[in-house]
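Chain and residue survey
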Amino acid sequence: MGAEERDRDGHIAALKQVAAQFAVAVTPHLQAQIDPADPADPIARQFLPDAAELVTHPHEAADPIGDEAHSPLPGIVHRYPDRLLLKLVNVCPVYCRFCFRRETVGPGSRGLTAGQLDAAIAYIADHPEVWEVILTGGDPLIVSPRRLKSVLQRLAAIPHLGVIRLHSRVPVVDPERVSPALIDALKSGRGAEGRDKAVWLLLHANHEREFVAPAREAIARLVDAGIPVLGQSVLLAGVNDTPEALAGLFRAMVRNRVKPHYLHHGDLARGTAHFRVSLGRGQALMRSLRGRHSGLMQPTYILDIPGGHGKVPVGPLYAAPRADGQGWEVTDPWGCTHLYADPAADRS
């Protein structure tokens with residue numbers, strides 16, 4: 001056996017080890033977007049397994065954002081006072097190689113039983129401080145439209161809820177799922193009168209090449225049906241960690257009526273170090289957008305603090321109090337600093 005064959009066999013063996021630990025799935029739609037001649041293809045990097053996933057680094061964890069500590073019963077994560085997560089399923093149409101829930105999702109992972117779903121909805125009904133429910137998972141849009149409609153109608157009947165939000169990859173990874181039946185299910189979450197609740201969709205996309213024609217058409221079906229769509233992305237080395245890549249991604253979102261909402265700093269999930277970008281680099285990339293691109297293209301750069309302590313904006317900052325106490329020093333988008341006297345300070 002020659003060196004090339006040994007390398008190939010070793011590579012295949014490593015990928016089998018990755019697949020034994022973490023779920024792997026790629027839709028036919030995504031397969032068609034991968035350029036096999038490009039070793040740095042940003043679609044392939046997000047979804048195809050890599051031997052680097054077998055390397056675990058210090059500080060990486062199976063539950064990097066501390067969901068378990070805030071889960072009072074199966075399917076519920078209640079970290080913040082006025083909102084919580086409802087995890088219907090633990091499967092997705094595709095599995096991102098950087099996913100922070102990669103230890104708990106995949107084929108064979110159980111979704112909520114009927115009894116567990118009843119208990120989860122009863123928990124929401126019994127907590128009047130909860131104003132927003134976020135359906136996540138797994139991907140909630142992988143659920144059949146019939147079942148999703150049933151769940152959304154049950155949530156819409158809870159008087160104190162004001163918003164139902166769904167987090168999904170489906171419109172860009174499996175756009176054919178955005179069918180009339182699915183849209184009807186989403187609209188049912190508004191309540192019997194069609195205006196009691198707001199239903200929002202947060203679309204996860206990380207590169208402008210995800211917005212091919214079928215994806216654009218799926219997003220248009222949602223927006224035209226009155227479902228507001230926000231965008232969330234993860235800052236990923238080799239995918240979108242350049243000013244040009246981020247600008248292209250956010251322009252693609254805005255062009256398709258998706259408002260960029262969050263740019264997540266990568267979570268410390270096991271086997272994801274090859275995707276990691278430093279906080280300083282992330283701040284510099286966000287600064288590169290300000291003043292050069294539309295305000296519609298400016299998401300909040302977010303860190304989910306390890307250990308379950310919640311999400312916080314991590315900059316960059318443009319204003320700081322002067323050391324002499326005489327107003328503020330403000331940095332403009334081109335790096336120049338200016339004095340702001342803050343004339344209202346004496347009244348605060």
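What comes next is a walk through the structure. (Residues numbered from 1 in each chain as written. Predicted model: local features only at pLDDT ≥ 70, side-chain atom pairs only at ≥ 80, totals over all residues. Heavy atoms only, no water.)

Let's shift gears to unusual backbone geometry. Across the junction of G137 and G138, the peptide omega takes the value 20 degrees, indicating a cis bond. Assignment of secondary structure puts G138 in the loop between β3 (132-136) and α5 (145-156). With omega at 10 degrees, the peptide bond leading from G315 into P316 counts as cis. Phi is positive for H59, close to 80 degrees, though the residue is something other than glycine. Structurally, H59 can be placed in the loop between α3 (42-47) and β1 (76-80). For H59, a relative accessible area of 70% gives the class exposed. At R257, a position not held by glycine, the phi torsion is positive, near 65 degrees. Here R257 is to be found in the loop between α9 (243-255) and β7 (259-264). Overall, the relative accessible area of 44% leaves R257 in the partly exposed class. (Helix = DSSP H or I, 4+ residues; strand = E, 2+ residues; numbered from the N terminus. Buried < 20%, exposed > 50% of the residue type's maximum accessible area, 1.4 Å probe, protein only.)

A word on the pairing of strand β5 (residues 198-204). Where burial is concerned, most of β5 is hidden: five out of the seven residues are buried. Across six bridges, strand β4 (residues 163-168) lies against β5 in parallel orientation. Directly across from L166, in β5, lies its bridge partner L201. Sheet topology places β5 next to strand β6 (residues 229-234); four bridges connect them, and they run parallel. Bridge pairing links L202 to L230 in β6. (Pairing = 2+ DSSP bridges.)

Further remarks concern helix α7 (residues 180-188). Helical geometry: 3.6 residues make up each α-helical turn, so side chains three or four residues apart lie on a common side. Among the residues making up α7, those that are buried are L182, I183, A185, L186 and S188. Buried residues along α7 sit against α5, β4, β5 and α8 (213-224). (Contact = heavy atoms within 4.5 Å.)

Between its terminal C-alpha atoms α9 stretches 18 Å, which fits the 18 Å expected from 13 residues at 1.5 Å a residue. Among the residues of α9, those classed as buried are A245, L246, A247, G248, L249, F250, A252 and M253. Looking at the buried positions of α9, the neighbouring elements they touch are β6, β7 and α10 (279-289). Following α9 by one or two positions, R257 adopts a phi angle in the positive range, close to 65 degrees. (Expected span 1.5 Å × (residues − 1).)

None of this, on its own, says anything about what the molecule does.
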